[in-house]
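# Inside the fold
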Amino acid sequence: MPDPLLALSIGIGVMGAAAYVLWPRSGLIARFQQGFLRAKRVLMEDALKHLYDFEYRNLSSTLESIAGALGINGDEAAALVTRLETLGLIVRRQADLGLTAAGRSYALRIVRIHRLWERYLADETNVSEPDWHREAERREHYMTGEETERLSKYLGNPLYDPHGDPIPTSFGTLPGPRGTSLASLEEGRSATVVHVEDEPSSIYAQLVAQNIYPGLLVRTIEKSSKRIVLEAGGNDIVLAPVVAANVSVVPHEQRIREDRLHRTLGDLRPGESARVVGIAPACKGLQRRRLMDLGIVPGTTIVAELESVGGDPVAFRIQEASVALRRQQANFVFVEEISSGGNV
Amino acid sequence: MNGRSDTPNKSILAVANALRWEIGEGLHDSVTADLYREAERIAGVVTARSGKGQRLDLDRILDRILTSRAFGFPTMFLLLALVFWLTIEGANVPSALLSTLLVDQGHPFLKSLSAAFGVPWWVSGPLVDGTYLAMAWVVSVMLPPMAIFFPLFTLLEDFGYLPRVAFNLDFLFRKAGAHGKQALTMAMGYGCNAAGIVSTRIIDSPRERLIAILTNNFALCNGRWPTQILIASIFIGVLAPPYLAGAVSALAVVAVVLLGIAFTFLVSWMLSRTILRGTASTFSLELPPYRPPRILHTLYTSLIDRTLIVLWRAVVWAAPAGLVIWLVSNISIGGVSLAAHVVQSLDPLGLLIGLNGIILLAYVIAIPANEIVIPTLLMLTVLFHGIADVGTGAGVLFELDSPAAVADLLHAGGWTLLTGINLMLFSLLHNPCSTTLYTIYRETGSVKWTLLSALIPLVIGFTVCFFVAQVWRIVVGV
């Protein structure tokens, strides 16, 4: 039998080596996978995507911008551009680089896969929001056309990725702009921001400074030829009509109060009841479907019944059934008309 | 019908696409909301209600007590302790009865019967000594506790108490990335891991269900309790003065159970943060109204659905195991039995991790059923160390009347206190039995998860035993 001290040190050594290889994200295996991202084809595809992105945003892409976006040095970027040029995917112009028709269609295909994957990760898995992009970056390079179509079909041919960007169709077309101009929204009407135009940049900067972003719920409370006053996230925002014209919104059919109230099921004390207004957009996929299947839909009255020993989860009476929800979920459900009337 | 009906009409597709943009993404939400409105309307019309529900008030009072800070946990511990006590105490008598009937009398009867008919030893050996005896063993050890534990458990479930346990314990499981209902599947696992795996169906979130399946084996099943109790009383109880021996060995078993719970949480936590990080997850827990348990119905369903199915599978798996046990002990290569060859090659590894080759071999051939580990160990020890006057022949399982006799035999086999402790650890931390593995495969439909559920506890078991052995040898010196 070996000396126990020797065996112990070997054992600890083996454990350390295993951790070094297997550790999530920083272990050898994880780094090996990341290494694949530096493969030649992957770099080419990322460069095309970068060019497309800049073209979409009306910026001019250069060797430097490619090198910066891909995290490679100038020489590598030059070699990459030359390669793409000989393949007929990009053209050099006087000041910048441009995509050829073939290059644009290639780029759109990758963008499509990327956004589909983000959609899939957001809806069907539990991968956290910051990881969507990273995961999609990895997977977008390893999908055949057939697999892409299968994924799209499985997701019900979604129109937008979870960030609100349109997903290019399989023919490489992007949907036209949606929504109407915020400037044309009637007084007192509420709407969801779907797009914020980033040109010209001075107006865009103003909008960013006012904290207007896609997904924000707004309501016009005052409208004149000089200014538009909005209510959003509990604050009043004043915009010039020319600025408001650069924001696209989709008006709501009904008045929505969740923007003002921000009260959720999680705020209910045992014995209190409230009516559901809606489920937060951040709650997606399986989680959202489950809540709706339980009967948490706009208009349902819910009573908080009792807290568990640890205070979380809390049991609610929903559609005459007693269902326990965790606080994290209850905070997704916007409610109004909270009352302590014990009509349990 | 015109001739172009088989090609999609472009303009229709264009209209459909345009409409899709118009409808937008909240379609599912509004459809669901409308369905509920309509269902409520219909229910409002056709449902007759009779005054105020008395039972509902009783429910609320019960819920207030059972989920209160003061009484929630004490009630739970008391009820679970009662269930375990009833199981262990109540199973003793029928177990002894079955053992007498099937093993002490049935086995010699079958032997003499086959002798009377002139059946050659190489037929009666594998069939009667191997297959029959292993099956009889499993039945007598397994059936009584399961026939008591499962109905009791089902009664609590039927009454509506178990969902409240999950409700109260959820905050612990949430921290480990698991579901509160895992408390119930774990408790079921203390009866039988295969039944515990089946019971994970109550967890409807994919990720949490896989976590519950992969960690169920850390709940010490009924087939492993006797091993723990026996080894604890032989090796640990004797360290204490006689009047404390019982309490000390009971404490040792409880420590192993607690270690299992600790590993359940640890492994759940690790799984939810590594390989299962991205799996879809949701939480909801229905708290059904309390109702008087239907005792006869419960007895019937728990006996049929849980006890008999699990027992049948165990018997099906135990039969070939018995055959293998007999064969490895009786087939000789170069004058040495197959078992001896294997034990010799496993010995260095076994001794390194504070066990021995016999224990490892016993755990390999007892994969079908943990119940036969101890009899297999005893038989192999006798066979391998050539101890006379004990046992009834190569490949024939047996048990000794008193723990003291077992202790003498094991000490003669070279066992130390370290061997005993590590056997208790290894009994908790090793691959699930084949019945459980098969159930995992059936429930997950995946070879990957089945393999993983075997490898995780096995790797942990070897690692823990290894480190305990080395530290023990450095500190204690033996």
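Presented here is a report on the structure given in the accompanying data block. Treat the numbers as computed from the prediction; the structure is a model and nothing was measured.

## Let's talk about the overall build of chain A
Each helix and strand in chain A was counted, giving 13 helices and 13 strands. Here chain A holds 344 residues, and the buried ones make up 45% of them. Pairs at least 24 residues apart make up 62% of the contacts formed inside chain A by residues separated by at least 6 positions. For chain A, the exposed surface amounts to about 17400 Å²; the carbon and sulfur share of it is 54%.

## What to know about the overall build of chain B
Within chain B, the regular secondary structure consists of 19 helices and 3 strands. With the principal axes as the frame, chain B shows a C-alpha extent of 90 × 65 × 55 Å. In chain B, 76% of the contacts between residues at least 6 apart in sequence involve partners at least 24 apart. For chain B, the accessible area works out to roughly 22400 Å², and carbon and sulfur atoms hold 71% of it.

## A short note on the side chain of S322 of chain A
Checked against the element boundaries, S322 of chain A lands in strand β12 (residues 321–325). Within the structure, S322 of chain A has its side chain in polar contact with the side chain of E305 of chain A (distance 2.8 Å). Setting aside chain neighbours within four positions, we find S322 of chain A in contact with E305, A315, F316 and R317 of chain A together with L285, E286 and L287 of chain B.

## Points about the interface of chain A and chain B
Taken together, the 56 residues of chain A in the interface contact 52 residues of chain B. Of all residues in chain A, L159, V309 and R326 of chain A bury the most surface against chain B, accounting for 17% of the area lost on that side. Taken together, the links from chain A to chain B amount to 3 salt bridges. Note that D312 of chain A and R174 of chain B form a salt bridge whose closest N and O atoms lie 2.8 Å from each other. In this assembly, chain A and chain B are joined by 15 residue pairs in polar contact (both at pLDDT 80 or more). Pairing analysis gives 2 bridges linking β12 of chain A to strand β1 (residues 285–286) of chain B, with the strands arranged antiparallel. Along β1 of chain B, the bridge assignment pairs A324 of chain A with L285 of chain B.

## A few points about the side chain of T300 of chain A
You can see T300 of chain A is positioned in the loop between α12 (285–293) and β10 (301–307). A polar contact of 3.0 Å, which involves the side chain of T300 of chain A, links it to the backbone oxygen of V297 of chain A. Every residue in contact with T300 of chain A, bar those within four places of it in the chain, is listed here: A274, R275, V276, G295, I318 and Q319 of chain A together with R37 of chain B.

## Quick word on a nonpolar patch on the surface
A surface patch of nonpolar side chains, amounting to about 680 Å² of accessible area, comprises I295, L296, L299, Y300, L303, I304 and L308 of chain B. We classify L299 of chain B as partly exposed; its relative accessible area is 37%.

## Side note on the nonpolar core
Counting residues in each nonpolar core, the largest one holds 111 residues, and the members touching the most others are I372 and L377 of chain B. Element by element, the count of residues in this core is highest for helix α5 (residues 121–159) of chain B, at 13 residues. Filtering out sequence-adjacent residues up to four positions away, L377 of chain B remains in contact with I358, I359, A362, W415 and L423 of chain B. Counting residues in hydrophobic clusters, the runner-up holds 27 residues, among them A274, V314 and I318 of chain A together with Y36 of chain B.

## Section: α12 of chain A
For α12 of chain A, the set of buried residues is G285, Q287, R288, L291 and M292 of chain A. The buried residues of α12 of chain A occupy an angular sector of 165 degrees when the element is viewed end-on, so they sit on one face. Packed against the buried residues of α12 of chain A are α6 (101–124), β9 (273–279), β12, α13 (327–330) and β13 (333–339) of chain A together with α2 (27–46) of chain B. Among the residues trailing α12 of chain A, G295 of chain A stands out with phi positive, at a value near 105 degrees.

## Re helix α4 (residues 72–116) of chain B
Residue and element names in this part refer to chain B. Compared with the 66 Å implied by 1.5 Å per residue over 45 residues, the 63 Å span of α4 between its first and last C-alpha is a close match. Considering bend angle alone, the principal kink of α4 is centred on G106 and spans about 40 degrees; proline P108 follows within four residues of it. Listed as buried for α4 are G72, M76, V83, T87, A91, S95, V103, G106, H107 and S114. In the stretch just after α4, G118 is the one whose phi turns positive, near 70 degrees.

## Here's the deal with the packing of aromatic side chains
Scanning the entire structure with this criterion turns up 17 aromatic pairs over all chains. For the pair F84 of chain B and W225 of chain B, a centre-to-centre distance of 6.3 Å together with 45 degrees between the ring planes defines the contact as tilted. Placement of the pair is F84 of chain B in helix α4 and W225 of chain B in helix α10 (residues 225–236), with a sequence separation of 141 residues. Residue F84 of chain B is classed as partly exposed on the basis of its relative accessible area, which comes to 23%. Relative to F153 of chain B, the ring of F149 of chain B has its centre 5.4 Å away and its plane inclined at 20 degrees; by these criteria the two rings are stacked. Separated by 4 residues within a single helix, F149 of chain B and F153 of chain B lie in helix α5, roughly one turn from each other. Overall, the relative accessible area of 3% leaves F149 of chain B in the buried class. Exposure remark for F153 of chain B: the relative accessible area of 3% places this residue in the buried category. A network of ring pairs unites the aromatic residues F84, F149, F150, F153, Y190 and W225 of chain B as a single cluster. Over the ring of W117 of chain A we find R139 of chain A, and its NZ or CZ is 4.4 Å from the ring centre.

## Quick notes on the state of the cysteines
Residue and element names in this part refer to chain B. Tallying each qualifying case throughout the model produces 0 disulfides over all chains. With no disulfide of its own, C192 lies 6.4 Å from the sulfur of C221, the closest cysteine sulfur. Note on C221: no disulfide assigned, nearest cysteine sulfur contributed by C433 at a separation of 6.3 Å.

## Some thoughts on the packing of α4 of chain B against helix α6 (residues 161–175) of chain B
All names here are of chain B. Axis separation between α4 and α6 bottoms out at 11 Å; the angle between their running directions is 125 degrees. The angle between the axes of α4 and α6 places the two elements in the oblique class. Read as a crossing pair, α4 and α6 show a hand that is left-handed. Across the interface between the two elements, G72, F73, T75, M76 and L79 from α4 touch Y161, V165, N168, L169 and F171 from α6.

## Focus on the sheet that holds β12 of chain A
Spatially, the 6 strands line up as an open sheet ordered β13(A)-β9(A)-β10(A)-β11(A)-β12(A)-β1(B), and their pairing is antiparallel. What marks the edges here is a single partner per strand, and that holds for β13 of chain A together with β1 of chain B. Inspection of the sheet shows β9 of chain A paired to β10 of chain A by 3 bridges, in the antiparallel sense. Counterpart to S273 of chain A in the pairing with β10 of chain A is V303 of chain A.

## Describing the pattern of salt bridges
Residue and element names in this part refer to chain A. Summed over all chains, the structure comprises 28 salt bridges over all chains. A salt bridge links K49 to E140, with the shortest nitrogen-to-oxygen separation between them at 2.6 Å. Residue K49 is found in helix α3 (residues 40–56), and its partner E140 is found in the loop between α7 (129–139) and α8 (145–154); the two are separated by 91 residues along the sequence. For the pair shown, K49 and E140 are each scored as buried. A salt bridge links E146 to R150; the shortest N-O distance between them is 3.7 Å. Of this pair, E146 and R150 both sit in helix α8, 4 residues apart, which is roughly one turn of that helix. Here E146 matches R150 in class, with each residue exposed. Through salt bridges with shared partners, a single network forms among K49, E137 and E140.

Thresholds, definitions, all that
Residues numbered from 1 in each chain as written. Chains lettered and ligands numbered in written order. Predicted model: local features only at pLDDT ≥ 70, side-chain atom pairs only at ≥ 80, totals over all residues. Heavy atoms only, no water. Helix = DSSP H or I, 4+ residues; strand = E, 2+ residues; numbered from the N terminus. Buried < 20%, exposed > 50% of the residue type's maximum accessible area, 1.4 Å probe, protein only. Contact = heavy atoms within 4.5 Å. Areas by Shrake-Rupley, 256 points an atom, 1.4 Å probe, with all protein chains shown as cover. Polar contact = N/O pair within 3.5 Å; in protein donor to acceptor, adjacent residues only side chain to side chain. Buried area = accessible area lost by both parts, 1.4 Å probe. Salt bridge = Lys/Arg side-chain N within 4 Å of Asp/Glu carboxyl O. Pairing = 2+ DSSP bridges. Patch = residues over 30% accessible without salt bridge, like charges linked within 9 Å, V, L, I, M, F, W, Y side chains within 5 Å. Core = buried A, V, L, I, M, F, W, Y, C linked by side-chain atoms within 4.5 Å. Arc of directions from axis to C-beta. Expected span 1.5 Å × (residues − 1). Bend = angle between axes of the 7 residues up to and from the residue. Phe/Tyr/Trp six-rings, centres within 6.5 Å; stacked < 30°, edge-to-face > 60°. Lys NZ or Arg CZ within 6 Å of the ring centre and 35° of its normal. Disulfide = S-S within 2.5 Å. Axes fitted to C-alpha atoms, helices over the stretch in contact; angles between N-to-C directions. Parallel < 35°, antiparallel > 145°, perpendicular 65-115°, else oblique. Left-handed = near helix turned anticlockwise from the far one by under 90°.

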